[in-house]
Structures are given as C-alpha cells and as structure tokens.
Amino acid sequence: MHGIQRRELLVQGSAALVAIAALSRRAYAFPAQAGEEVIPWLDQPTENPNPEGIKTQLVWENLDSWITPNDKFFSISHFNRPTIDEKTWSMEIGGLVKKPLKLTLADIRARPRQEVVFTVECSGNHGFPFFTGGIGNARWAGTPLAPILKEAGVLEKGIEVVFWGTDESEIPIRDVKMKQNFARSMSLADAMNPDNLLCYEMNGAALPAANGFPLRLIAPGWYGIANVKWLKRIEVRDTRFMSLLMARDYVTIREEDHNGETVWAETSVGRSLLKSAPAKVTRKGSDYAIVGAAWGAPIDRVEVQIDQAPWAPATIDHSEEAEHAWKIWSLPWANPSPGEHTVTSRAVSTTGQVQPAMDDPLIAKKHTYWESNGQVTRRIKIT
Ligand SMILES: Nc1nc2c(c(=O)[nH]1)N[C@H]1C(S)=C(S)[C@@H](COP(=O)(O)O)O[C@H]1N2
Ligand SMILES: [Mo]
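Position numbers for residues count from 1 along each chain, tracking the sequence in the order it is written. All chains are assigned letters beginning with A, and all ligands numbers beginning with 1, in the order in which they are written. For a predicted model such as this one, the threshold for reporting local features is a pLDDT of at least 70, and the threshold for listing and counting side-chain atom pairs is 80 or more; totals across whole chains, interfaces and linings nevertheless cover every residue. Side-chain calculation: all heavy atoms of the structure are included, whereas hydrogens and water are not.

Draft legend 1. Structural detail: the overall build of the protein chain. Helix and strand counts for the protein chain come out as seven helices and 23 strands. Atoms counted for the radius of gyration: C-alpha only. Globule rule: 2.2 Å times residue count to the power 0.38. Taken against the 2.2 N^0.38 rule, which gives 21 Å for 383 residues, the C-alpha radius of gyration of the protein chain at 23 Å falls within 12% of a compact globule. Its C-alpha atoms put the protein chain at 65 × 60 × 35 Å along the principal axes. For the exposure calls, accessible area comes from a 1.4 Å probe over protein chains only, and a residue counts as buried if that area is under 20% of its type's maximum, exposed if over 50%, partly exposed in between. Each of the 383 residues in the protein chain was classed as buried or not, and the buried ones make up 50%. Put simply, of all contacts in the protein chain between residues at least 6 apart along the chain, 69% involve residues at least 24 apart. A run of H or I in DSSP becomes a helix once it reaches four residues, and a run of E becomes a strand once it reaches two; helices and strands are each numbered from the N terminus. What makes two residues a contact is simply this: any of their non-hydrogen atoms within 4.5 Å.

Here it is as structure tokens:
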C-alpha cells in the first residue's frame, strides 16, 4: 500500500502530494514530520537505582521508528556483563542427547539463516517508577534451534531444555551460597518451536556485547527473561528445572478468588502478555496526535481514553508489521483544552482479550512487579 501510494504521488505531482500527505499524516506515525513537536509527559520515570543492571531504557517520547536502533536498545544484566572473545568461545549441547555437540560461532553462522522481527519486553517493565522503558523492537538473525537439537538427538526421557549464560553470581539459598551461571529453561516442546533462534545478529550488525555477544536465544512470544544472552551451554534434562530465575525469582504472586475463597497463586514468568502504552503526544501547528505501541499478543485493536471521555479507536499503522513485533498506533486529538489531561491506552487481542485496567484484580491483587501489563496512563499539560 505504502509503496503504491508513493509511486502514484510521483505520477500525480505535487498538488496531490500535499493532499495525500495531509490525509495519510496519521496513518503513518513515523518518522516525525518537519515542524512536529513532541510534548513531554508530566509524569517521568524516577532515577534508575541500578544503572549497571538496567541500561539504555526506551524514552517513550523519542519513539520515532518501528525498529529500535542498537545504540538505543535497553539491556538487562542480573549478574555480570561478560566480555567474550569469539575466537575462544564455543557452545555445548549436552545432557540427555545421543551426540553431544560443540559449536563455534563459525559453525553456527554456516548453518541456515533465519530472521525475525521481535519486540523484547522485560517482564518487570512498568513494575517500578524507574523502569518504564524496558522494551525494544529489533530484527534478529541467527539459525533455528530445533534442527540443532534434532541433530544432537534428544533421548526419549528428555523433557526440559536448559539455556546457560556465561554470566555468573553467588546465589544464596537459606545459609548456602552457590556460584551459578544465569540459566532459564523451557519444556522440550517449547524449545522445539521453529521460531526460536540461536541469534548472532541484531539489526544487521553483530550482536552487541550488552545484548548477548556472541550468541543468545531469541524466543519470539516470550518475555525478555527467556531470551538467554551470552550462551555457553544448552542442556537436556529429564526433570523440570527450578533455578533462581525459573522458580524463585521471576515468579508472579497473585491473590485469586476461587468461589469466594482467597487462594495465593504462584506462576513462573514465561510467555508475554497483551499490553500497550501511549508513547507521545505530538503537535504540528494546531494538530495534536497521540502515538503509541501495542504488543505481547496478536493485536486486534487499540483504544485510547483521554481524561474520562469514552474510549476512542486508534488507527494501527500497517506500513511495517510482523507477527512478533509491536504495532504502532495513532489517534488525532482534536482541540485539546489547555490544562492537564490523562491519556490511557488499552489493547484488545484477536481473541477478544482486553488489556486489564490497573484496578482489575489481575493487576490490583498481584503482589510482585513482574508481568505488569496493566493499562498505562500518562499525564500531560496542554498550553
Ligand atoms: N545471560 C543472561 N541473559 C539474559 C539476562 C541476563 O541477565 N543474563 N537478562 C534477561 C532479561 S531479564 C531480559 S529482559 C532480556 C533483555 O534483553 P536485552 O538485554 O538484549 O534487552 O535479557 C534476558 N537474558
Ligand atoms: Mo527482564
């Protein structure tokens, strides 16, 4: 569509160009147009208390492209941030397999290449006042994981695949302290998903150190935590894996009502959840617009509420889309009155799920900050 319109514009000349540009102004949210100004939100994230662990958060007002450039992409490190020499690096595939493998980066690069555009969000994003930019969208390239597991030959009793990072820490349990590498697991069935990549490239460049150089797992449809960076070993096991980041941390604790009785539920963070957020309010002359993103589940539509007004449908930008990538949406804001306003968005999935309000028991009765997919409200002052 976009391409055809552009070609028609060239044929029809500059008068049509001006008219169509005005019409399509909000159908294509990016890039910012000449003379367009962004009005900063009144509510801003508080100072990051952990600048080593959480780096380069997305500044929502600056969102101006579908793909997040590598130098603007957030990164998370729970333990240390290893610097790995690709010449000495290799990765093992072991445990309950017929033929353990040891692969160098050259071995992996020589295998079939596959790409995916995938929006990675940390499940803690929006869980703290200082952490609202733990999200980014990149084109990841690598080789599919499933054929490598097949080649290694998973034994009959293998049910779980553990991904180990090179980074490590001393993990305390009661009075024991043990040295452990970062590790996350998936069921064998989940690991065999043909979308999963052993990824060595991000937006056409070698994976940056912060994002897992030389190799990371990319698991489209999963929260950030599943996408293990700085990989060093993949191991098949015959029992569920209950590591720190599977069963003790990255656990959502929620009070649930079961027929009038309160039950405390604990679940491990895994697949991403339906979510959206307003990114920015733009002004060009007297034209105001709200632009935002929606992700986490197949998106049917996005609605926006200004102050207490009825929810209004936003327009989804179809010019750049992919199954596992955020959708960019926008909505003109006609004649906003001077003064303070709130802007809230909610995504609706193709199965009719609605992103929960902050007072929905799913969010209000959640006692941990993971999976904070409640509706995001921003405040703004129009002058
Ligand atoms: N080895 C390793 N992998 C990791 C982490 C980590 O600390 N160590 N952090 C995880 C978390 S919590 C997130 S949100 C994503 C973030 O990916 P990014 O740092 O490339 O943005 O990486 C995941 N993979
Ligand atoms: Mo995360």
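Now that the structure is up, let's keep going.
Draft legend 2. Focus on the sheet that holds strand E9 (residues 176–187). At least two DSSP bridges between two strands are required for those strands to pair. Pairing in this open sheet of five strands is mixed, and the strands run E5-E4-E13-E8-E9 from one edge to the other. Every other strand in the sheet has two partners, leaving strand E5 (101–103) and E9 as the edge strands with one partner each. Taking the axes of each pair of neighbouring strands and ignoring which way they run, one obtains an average angle of 30° across the sheet. With 11 bridges connecting them, strand E8 (residues 160–173) and E9 associate as antiparallel partners. Counterpart to Ser169 in the pairing with E9 is Gln180. To obtain each axis, a line is fitted to C-alpha atoms, and for helices this fit is confined to the stretch in contact; angles are then taken between N-to-C directions over 0 to 180 degrees.

Draft legend 3. How the structure looks around the nonpolar core. Within the largest apolar cluster, 57 residues are counted, with the highest numbers of intra-cluster contacts made by Met91, Ile93, Trp140, Phe163 and Ile234. With five residues, strand E10 (residues 197–202) is the single largest residue contributor to this core. Beyond its immediate stretch of four places on either side in the chain, Ile234 contacts Met91, Glu92, Ile93, Gly94, Leu145, Leu149, Val161, Val162, Phe163 and Leu198. Here the nonpolar core consists of buried residues drawn from Ala, Val, Leu, Ile, Met, Phe, Trp, Tyr and Cys, with membership extended through side-chain atoms lying within 4.5 Å. Ranked by size, the runner-up nonpolar core spans 20 residues in total, among them Leu274, Tyr288, Ile290 and Ala294.

Draft legend 4. Region of interest: the environment of Ile159. Relative to the helices and strands, Ile159 is located in the loop between helix H4 (146–152) and E8. In this structure, the C-alpha to C-alpha distance between Ile159 and Asp238, residues 79 residues apart in sequence, is 5.3 Å. Each residue touching Ile159, except ones within four places of it in the same chain, is listed here: Met186, Ser187, Leu188, Arg237, Asp238, Thr239 and Arg240.

Draft legend 5. Quick peek at the layout of surface pockets. The volume enclosed by the largest pocket comes to roughly 440 Å³. Put plainly, a pocket is an open set of points on a 1 Å grid over the protein atoms alone with protein on both sides within 12 Å along at least five of seven lines, a cavity is a set where a 1.4 Å probe fits but cannot get out, and a lining residue has an atom within 4 Å of a point. Lining the largest pocket are 23 residues, and of these Pro220, Gly221, Ser272, Gly296 and His324 sit closest to its centre. With three residues, the single largest contributor to the lining of the largest pocket is strand E6 (residues 114–121). For the lining of the largest pocket, a count of residues per class yields 11 nonpolar, seven polar and five charged. Grid points are joined across faces, edges and corners, and a volume is the space filled by probe spheres set on the points. For this scheme, ten residues count as nonpolar: Ala, Val, Leu, Ile, Met, Phe, Trp, Tyr, Cys and Pro. Four count as charged, namely Asp, Glu, Lys and Arg, and the remainder, Gly too, count as polar.

Draft legend 6. Just empty space enclosed by the protein, in detail. Considering all chains together, one arrives at one cavity of 30 Å³ or more under this definition. What the largest cavity holds in volume is close to 250 Å³. As for the largest cavity, its lining consists of 19 residues, of which Ile76, Arg216, Gly224, Asn227 and Lys229 are closest to the centre. Partitioned by chemical class, the residues of the lining of the largest cavity number 10 nonpolar, six polar and three charged.

Draft legend 7. Region of the structure containing the site of ligand 1. Among the 19 residues in the neighbourhood of ligand 1, the closest are listed as Phe74, Asp167, Asn211, Arg216 and Lys229. The definition of a polar contact used here is a pair of N or O atoms within 3.5 Å, where within protein one atom must be able to donate a hydrogen and the other to accept one, and adjacent residues in sequence count solely through side-chain atom pairs. One of the backbone nitrogen or oxygen atoms of His78 is found 2.9 Å away from an oxygen atom of ligand 1. A distance of 2.7 Å is found between a nitrogen atom of ligand 1 and a side-chain nitrogen or oxygen belonging to Asp167. Bound to the protein, ligand 1 loses 100% of the 530 Å² it would expose on its own. When atoms are counted within 2 Å of each cavity's grid points, the one that captures over half of ligand 1 is the largest cavity. For the shell around ligand 1, the per-class residue count stands at 10 nonpolar, six polar and three charged. Proximity is defined per residue: any heavy atom of the residue falling within 4 Å of a molecule or strand makes that residue near it. The protein chains shown are the only cover counted for residues, whose accessible areas, like all others here, come from Shrake-Rupley with a 1.4 Å probe. A pocket or cavity is taken to hold a molecule when more than half of that molecule's atoms are within 2 Å of the pocket's grid points.

Draft legend 8. Structural detail: the sheet that holds strand E1 (residues 37–39). Read from one edge of the open sheet, five strands run E1-E16-E17-E21-E20, paired in antiparallel fashion. Bordering the open sheet on either side are E1 and strand E20 (315–316), each of which pairs with just one other strand. Bridge count between E20 and strand E21 (residues 327–333): two bridges; the pairing is antiparallel. Following the sheet pairing, Ile316 is matched in E21 by Trp329.

Draft legend 9. How the structure looks around the domain arrangement of the protein chain. These domain limits were set by an automatic method or by a database of domain assignments. In terms of domain boundaries, the protein chain breaks down into domain 1 (37–45 + 270–382) and domain 2 (54–244). Summarising the inter-unit geometry, the C-alpha centres of domain 1 and domain 2 are found 29 Å apart. The interface is formed by 30 residues belonging to domain 1 together with 32 residues belonging to domain 2. Accessible area that two parts lose when put together, with a 1.4 Å probe and added across both, is what the buried area reports. Note on domain 1 versus domain 2: buried area summed over both sides is about 2700 Å², and carbon and sulfur give 60% of it.

Draft legend 10. Seen up close, the pattern of salt bridges. We define a salt bridge as a contact between a side-chain nitrogen of Lys or Arg and a carboxyl oxygen of Asp or Glu at a distance within 4 Å. Here the structure, examined in full by the defined rule, presents 21 salt bridges. Taking the shortest distance from any N to any O, the salt bridge between Lys55 and Glu52 comes out at 3.5 Å. Overall, the relative accessible area of 51% leaves Glu52 in the exposed class. As a salt-bridge pair, Arg346 and Glu303 come within 2.7 Å of each other at their nearest N and O atoms. Remark: Glu303 occurs in strand E18 (residues 299–306) and Arg346 occurs in strand E22 (residues 339–349); sequence separation between them is 43 residues. A single salt-bridge network, built from bridges that share partners, covers Glu92, Arg233, Glu235 and Arg237.

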